[in-house]
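Structure at a glance
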Amino acid sequence: MKYPLSEKYNTPELMAKIMGPNPIKLTEELMQNNLIPSGAAVCDLGSGQGLTSVFLAKEYGFKVYASDLWSEPEDNKKFFDKMGLSDEEIIPVKADAEDLTFDKEFFDAVVSVDSYNYFGRNADYLDSKLLPFVKSGGYIYIAIPGMKKDCHENLPKELLLSWTPEQMDYMHDTEYWRDIVSQSRGAEVITVEEMLSNDEVWADWLKQENEYAIGDRKSMNAGAGKYLNFIKIVLRKK
C-alpha cells in the first residue's frame, strides 16, 4: 500500500527514533477509515519516544496523551515542542498499561501500536485494566506484530537466529488474538485481521544502525519474514 501521510516523517532524524518496524506506517494503515472524531481525547498506549503520538495529533487532529512506562515525559515534551505541538494537542504521560491512573471513562479512544502484545495477552486485561478508562461507544485500535500461523511448539530455525522462544511468545496469529479479545464482556469486536504492512515496515527498521535492528537482521535476512505479519484489532466499548 501507499503511505502518503507517513512520507512526511521519512527523515533520518525521525527514523532514528523508531524502536521497531516503522510505527508511523503501521499507524497510517491502522487508522484508515477510522471512526474516531477529530478533537477526540486519545490515549496512545505504549507510545515509546512519541512518534506515533505526533502522527496522531498532527494528521488526525486528536488530543493525544502519549502514555508510556519506559520513556521519560520530559524528553518526549522536548520532542513534541520541537515538532510544533502545544500542550493543548499532546501531553506526555508516564503510565503503566497494567495500572493506569486516568479518570474513569476519560478517553474517547485508545490507539496502541507495537505494544499491546506485551500486556494484553491476558484475556481479562481489556475488561479489568483498559476499558474502564474508555467512554461508552469509544474505540480501541491496535496494531501488533504477529505470526501468520502459531508455531511455538516447533519454532523455525530462522526465527531463533534473532529471538528466543520466550521473546517469540509475545507474537501470535489472528486466531489467537480473536480468541483473546472475544472473551471481553465489555467490548464489541469490529475486526481482527492481517495487515498489509509487514515487508515495508520491516525494511525501514532493518535500515537502522542501532543494535536491535542489527540483531533482527540475522533472522530477517534468513527469510524469517515469511512466518511473520502484523495484526489489526478494532474494538468498540459497549
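Criteria and cut-off values
Counting of residues starts from 1 at the beginning of each chain's written sequence and follows it residue by residue. For a predicted model such as this one, the threshold for reporting local features is a pLDDT of at least 70, and the threshold for listing and counting side-chain atom pairs is 80 or more; totals across whole chains, interfaces and linings nevertheless cover every residue. In computing side-chain values, all of the structure's heavy atoms are included and hydrogens and water are not. Every helix listed is a DSSP run of H or I at least four residues long, and every strand listed is a run of E at least two residues long, numbered separately from the N terminus. Note that the radius of gyration is over C-alpha atoms, with the globule rule given as 2.2 Å times the number of residues to the power 0.38. Only protein chains enter the accessibility calculation, which uses a 1.4 Å probe; a residue is then buried when its area is under 20% of its type maximum, exposed when over 50%, and partly exposed in between. We call two residues in contact whenever any of their non-hydrogen atoms come within 4.5 Å of each other. Under the convention used here, a 1.4 Å probe and the Shrake-Rupley method define accessible areas, while residue burial counts only the protein chains that appear. At least two bridges found by DSSP between two strands is the condition for calling them paired. The pocket and cavity definitions rest on a 1 Å grid over protein atoms only: a 1.4 Å probe that fits but cannot leave marks a cavity, an open set with protein on both sides within 12 Å along at least five of seven lines marks a pocket, and residues lining either have an atom within 4 Å of a point. Grid points are joined across faces, edges and corners, and a volume is the space filled by probe spheres set on the points. The nonpolar class holds Ala, Val, Leu, Ile, Met, Phe, Trp, Tyr, Cys and Pro. Asp, Glu, Lys and Arg form the charged class, and all remaining residues, Gly among them, are polar. When the strands point away from the viewer, a crossover counts as right-handed if the path from the first strand over the helix to the second runs clockwise. Angles run from 0 to 180 degrees between N-to-C directions of axes, and those axes are lines fitted to C-alpha atoms, restricted for helices to the stretch in contact.

A count of helical and extended segments in the chain gives ten helices and seven strands. Taken against the 2.2 N^0.38 rule, which gives 18 Å for 238 residues, the C-alpha radius of gyration of the chain at 17 Å falls within 12% of a compact globule. Principal-axis analysis of the C-alpha atoms gives the chain an extent of 45 × 40 × 30 Å. Here the chain holds 238 residues, and 55% of them are scored as buried. Restricting to contacts in the chain with at least 6 residues of sequence separation, those with at least 24 account for 78%. For the chain, the exposed surface amounts to about 11100 Å²; the carbon and sulfur share of it is 49%.

What follows is about the pairing of strand β7 (residues 228-237). Taking burial as the measure, the ten residues of β7 include nine buried ones, the bulk of the element. The sheet contact formed by strand β5 (residues 134-147) and β7 spans nine bridges and is antiparallel. Of the residues in β7, the one forming a bridge with Y141 is V234. In this sheet, β7 lies alongside strand β6 (residues 187-194) in antiparallel orientation, the contact comprising seven bridges. Bridge pairing in β7 places E188 opposite R236.

Right, let's get into the layout of surface pockets. Within this model, the largest pocket holds a volume of roughly 1300 Å³. Taken together, 43 residues line the largest pocket, and the ones lying closest to its centre are M19, G20, D114, S115 and Y118. Counting residues per element, the ones that place at least two in the lining of the largest pocket are α3 (51-60), β2 (63-68), α5 (116-119), α7 (165-168), α9 (199-206) and α10 (211-221). Here the residues of the lining of the largest pocket sort into 22 nonpolar, 14 polar and seven charged.

In this section: the pairing of β2. Counting buried positions along β2 gives five out of six residues, so the element sits mostly inside the fold. Viewed along the sheet, the connection from strand β1 (residues 41-45) through α3 into β2 turns out right-handed. As paired elements, β2 and strand β3 (residues 90-94) share five bridges and run parallel to each other. Across the sheet, residue A66 finds its bridge partner in β3, namely P92. In the classification by handedness, the crossover that spans β2, the intervening helix α4 (residues 73-82) and the parallel β3 is right-handed.

One open sheet holds the seven strands; their spatial order is β3-β2-β1-β4-β5-β7-β6, and the pairing between them is mixed. Two strands bound the open sheet, and with one partner strand each, they are β3 and β6. Neighbour to neighbour, the strand axes of the sheet diverge by 15° on average, direction disregarded. α3 rests against β1, β2, β3 and β4 (107-113) of the sheet, and its axis sits at about 170° to β2.

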